[in-house]
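Geometric and topological summary
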Amino acid sequence: MPSSLPAVPDIDDVIADRIVERLVEVEEQLRQSVATSDDMVRWTGRHLMDAGGKRVRPMLTLLAASLGDVDAEGVVDAAVLVELTHLASLYHDDVMDSATTRRGARSAHAIWGNNVAILTGDFLFARASGLSASIGTEAVRLHSHTFERLCLGQLHETVGPTEKDDPFEHYISVLADKTASLLALAGQLGALLGGAGEDAAEIMRRYGEKVGVAFQLADDVLDLASDAGTSGKTPGIDLREGVPTMPTLIVRRRAAQDPQDEGTAEIVRRLDGDLEDDAELAALVALLREDPALEETRQLAERTAAEAIAVLEELPEGPVREALITFTSTLVQRRR
């Protein structure tokens, strides 16, 4: 496998070889998709792509297509479509989160400023939309619906829950829109274009909704448990921006239930304090790493992954289903 490609899970050799072959095509087409004569966008549009990535969404598209024919027309286009959409959203997310690093490199807005980063994300969204049109009207419909959910998820995260909303339900709904919707699209489009049929496509859509939430919950753990050199992201960046995560929601609930718990009260005090100072942020991250909320979040991610695997069991037995199960475990148990 070329070193520039992400690692394929330990799955059936025949399926793995076919996935690798298609991933090579995906990488090439991704670069062609952002090619432009504009001197500025030539660099900004490739910035996150050149930084690498796990290519989770293209890989799921290809695995879903393997339920039928992974070599079918439009499958690679669909894999590129979902990754382009994901990359576009990252440019916007990093601006809103004030993230300074992404995938081990400086974020686009840290290099070129917010306006350039936002417009680069818009450029990639435009290229993704053009690609969906080349696939067909159903792809356009599904992609536009997913794009709407991505926007709503970011909006609801930014505004936060109302007094009538349960904070945990609100948070899971944000994860479903911001992360799971694109994984659901990857699975559904892959199965449809691979010729696996409507039933398989619906199963893969429901699977994507579950595994996407599990994936993001695992990311909540990684945000605290890993360092920037391992994960490519600044640890605790969501804490600094006041963005809720599952561990912080668990801590706040515990504080409300037991105001006399001094350790929990100290964490909440720091959560509500000024985290612009790197030392203060690091101290809070260290406290949360030792808090039971981190393990509770990890267990919730694993339970949600088990629910995703239960959806996969509706598929026919065979190496592709087993590959998807392995893929699920790899997402949740990853260390970066």
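Provided above is the structure to which this section pertains.
Quick caveat, the model's predicted, so the values are computed rather than measured.

Criteria and thresholds
- Residues numbered from 1 in each chain as written.
- Predicted model: local features only at pLDDT ≥ 70, side-chain atom pairs only at ≥ 80, totals over all residues.
- Heavy atoms only, no water.
- Phe/Tyr/Trp six-rings, centres within 6.5 Å; stacked < 30°, edge-to-face > 60°.
- Helix = DSSP H or I, 4+ residues; strand = E, 2+ residues; numbered from the N terminus.
- Core = buried A, V, L, I, M, F, W, Y, C linked by side-chain atoms within 4.5 Å.
- Buried < 20%, exposed > 50% of the residue type's maximum accessible area, 1.4 Å probe, protein only.
- Contact = heavy atoms within 4.5 Å.
- Axes fitted to C-alpha atoms, helices over the stretch in contact; angles between N-to-C directions.
- Parallel < 35°, antiparallel > 145°, perpendicular 65-115°, else oblique.
- Left-handed = near helix turned anticlockwise from the far one by under 90°.

In this section: the packing of aromatic side chains. Any aromatic ring pair is given by two values, namely how distant the centres are and how the planes are angled relative to each other. By the definition in use, this model includes one aromatic pair. Relative to Phe147, the ring of Phe125 lies with its centre 4.3 Å away and its plane at 25°, an arrangement referred to as stacked. Residue Phe125 is located in helix 7 (residues 114-135), and its partner Phe147 is located in helix 8 (residues 137-159); the two are separated by 22 residues in the primary sequence.

In terms of nonpolar packing, the biggest core is built from 63 residues, with Met204 and Tyr207 touching the most fellow members. One finds Ala218, Leu249, Ala255 and Leu271 within the second-largest nonpolar core, a separate group that totals 30 residues.

This next bit is on the environment of Phe215. One can find Phe215 in helix 10 (residues 198-225). Sequence spacing of Phe215 and Ala180 is 35 residues, and the spatial spacing of their C-alpha atoms is 8.3 Å. Residue contacts for Phe215: discarding those within four places in its chain leaves Lys54, Val56, Arg57, Thr179, Leu331 and Arg334.

The geometry of helix 13 (residues 246-257) relative to helix 14 (residues 262-271) is characterised by a closest axis approach of 9 Å and an angle of 125° between their N-to-C directions. As summarised for this structure, helix 13 and helix 14 are arranged oblique, according to the angle between their axes. Considering only the axes of helix 13 and helix 14, their crossing is left-handed. The residues of helix 14 that touch helix 13, namely those facing Thr248, Val251, Arg252, Arg254 and Ala255, are Thr264, Ile267, Val268 and Leu271.

The next thing to look at is the environment of Leu62. Looking at the element boundaries, Leu62 is found in helix 4 (residues 56-65). For the pair Leu62 and Leu189, spaced 127 residues apart in the sequence, the C-alpha separation amounts to 9.5 Å. When residues no more than four places from it in sequence are discounted, the contact partners of Leu62 are Ile19, Arg22, Leu23, Val70, Val75 and Ala79.

Moving on: the side chain of Gln216. Among the structural elements, Gln216 can be located in helix 10. When residues no more than four places from it in sequence are discounted, the contact partners of Gln216 are Leu175 and Thr179.

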